[in-house]
Amino acid sequence: MNTTGSAANGGLHLTPFRGLRYVPERVGSLAAVTSPPYDVVVRPDGVHHLESADPHNIVRLILPQAATTEARHRQAADTLHAWLSDGVLAADAEPALYVYEQRKGDLLQRGLIGALELTTPAEGIVLPHEDVIPHVVEDRASLMRTTAANLDPLLLTYRGNGTATGATAVIERTALRAPLLATTTEDGISHRLWSVTDPAALAEVADDLGRHQALIADGHHRWATYLRLREEHPTPGPWNYGLVLLIDTARYPLQVRAIHRLLNRLPVADALTALDDTFRVRTVDGPLPAALDALADAASEGNAFLLTGGGTGPFHLIDRPAPDLLARTIPADRPEAWRTLDATVLHAALIDDIWRVPDTPEDITYIHDAEAAVAQAERRGGTAVLMHPVHEEVVRDLARQGVTMPRKSTSFGPKPATGLVLRSLDVD
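Residues numbered from 1 in each chain as written. Predicted model: local features only at pLDDT ≥ 70, side-chain atom pairs only at ≥ 80, totals over all residues. Heavy atoms only, no water.

Let us now look at unusual backbone geometry. Following Gly286, the chain continues into Pro287 via a peptide bond in cis, with omega recorded as 5°. Within the secondary structure, Pro287 is located in the loop between strand S15 (280-284) and helix H10 (288-299). Despite not being glycine, Arg356 shows a phi value in the positive range, around 50°. With respect to the element layout, Arg356 can be found in the loop between helix H13 (342-354) and strand S18 (364-367). (Helix = DSSP H or I, 4+ residues; strand = E, 2+ residues; numbered from the N terminus.)

Now the structure itself:
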């Protein structure tokens, strides 16, 4: 891995690496071996669907199935080793940065995949905006430690000047060439990947990115995992870097979506009864898209949430929280933008105070897709709490202030497909 330069210079230091990629002749199709990020896969249905798509689907590495944590992660490491030995995966011949493109209809997103030098939040180079769940960090750390691999890139954003200069110029020149790979996944998104090895182009990227800071759009737990594993490997080397996808959102704006909550042990009738005039409650008509439109209208005027027990409804729109409830439950020592976030009000006023739901995996499941949240609520007899997304600039402004949002507050996308390029710390 090329380690010329340093994040200590005050900006981003993205370095080439020898990517591990599927050998097309050894798999059914590239689309069949990819997966969404591990925390987007709805378990167990999603895992089973992906495992059946191809015996070499990447989900067998990112979400291995076994009786214990240790067994799961050892299984992933053994599977990775077997795929490398059998030629299912192979390392590229020379270190590269990778231009990655996603396209669907009017959507076009391009960025650079590389190994980013790790920095702490205090250094102000990579800015987190959400808190993390300790047990998830521990699980990801164990998996990375056992496999000695970064199996999927984090999604980071930075703000260029909106023109095709610097790293963006390299990306757009590279995208004119024939790609290393091209595939279309079942969600209709087409993916293309190119390698960048030319020293002049790499220097152009390094000079540009060295002037920027980045926001973690998706992957807070994996970034925290990278930092933890760096502490375990203090000698300079591959553990000082982590696999990321960097997107210039001035050139390629991301979509920002909400992450919904499923309260597994709280029936919707009990959730509504407990509100006791602390929120305005209205029943809204389905189907789900119409109910989400009603949520968007209410959210334009303040905090609002959509509750349902699943199926075709009914959907219950709750908004206009009582001022005395907010005064009693929301910490007063935070910026106003943080105090008025839907996620802040949901967790402080509703989940912690009114519903008293423990923040454990058994009680709360975080689901990116509204339809999946509704379906799981019906299956489990719980309550789906559907949310409205936060604007990107609110997220970025809070991150610059060093203020973290409640965990799982936002979902930026489209997210990179997992399985197109991996990073082995042994190869690197």
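Following the structure, the description resumes.
Only one face of strand S9 (residues 181-184) is buried, namely the one carrying Leu181 and Thr183, since none of Ala182 and Thr184 on the opposite face is buried. The turn joining S9 and strand S10 (residues 190-196), which pair antiparallel and follow one another in sequence, is formed by five residues; a positive phi near 90° is taken by Gly188. (Buried < 20%, exposed > 50% of the residue type's maximum accessible area, 1.4 Å probe, protein only. Pairing = 2+ DSSP bridges.)

So, on to the sheet that holds S15. The strand order across the open sheet built from six strands is S15-S17-S16-S19-S14-S18, with neighbouring strands paired in antiparallel fashion. Looking at the sheet topology across the chains shown, the edges are occupied by S15 and S18. When strand polarity is set aside, the average angle formed by the axes of neighbouring strands in this sheet is 25°. Taken together, the four bridges between strand S14 (residues 260-263) and S18 define a ladder with antiparallel strand orientation. Each bridged residue has a counterpart across the sheet, and for Leu263 the counterpart in S18 is Ile364. (Axes fitted to C-alpha atoms, helices over the stretch in contact; angles between N-to-C directions.)

Taking 1.5 Å of rise per residue, 13 residues should cover 18 Å, yet H13 covers just 15 Å from first to last C-alpha, more than 12% shy of that figure. Of all 13 residues in H13, twelve are buried, a share of seventy percent or more. Burial in H13 covers these residues: Asp342, Ala343, Thr344, Val345, Leu346, His347, Ala348, Ala349, Leu350, Ile351, Asp353 and Ile354. Among the residues trailing H13, Arg356 stands out with phi positive, at a value near 50°. (Expected span 1.5 Å × (residues − 1).)

Following both chains from N to C, one finds helix H5 (residues 134-147) and helix H8 (residues 220-232) inclined at 60°, their axes separated by 9 Å at the closest point. Compared by their axis directions, H5 and H8 come out oblique. Remark: the crossing between H5 and H8 carries right-handed chirality. On H8, the residues that touch Val136, Val137, Glu138, Arg140, Ala141, Met144 and Arg145 of H5 are His221, Arg222, Ala224, Thr225, Tyr226, Arg228, Leu229 and Glu232. Across the contact of H5 with H8, the residue classes break down as seven nonpolar, two polar and six charged. (Parallel < 35°, antiparallel > 145°, perpendicular 65-115°, else oblique. Left-handed = near helix turned anticlockwise from the far one by under 90°. Contact = heavy atoms within 4.5 Å. Nonpolar A, V, L, I, M, F, W, Y, C, P; charged D, E, K, R; others polar.)

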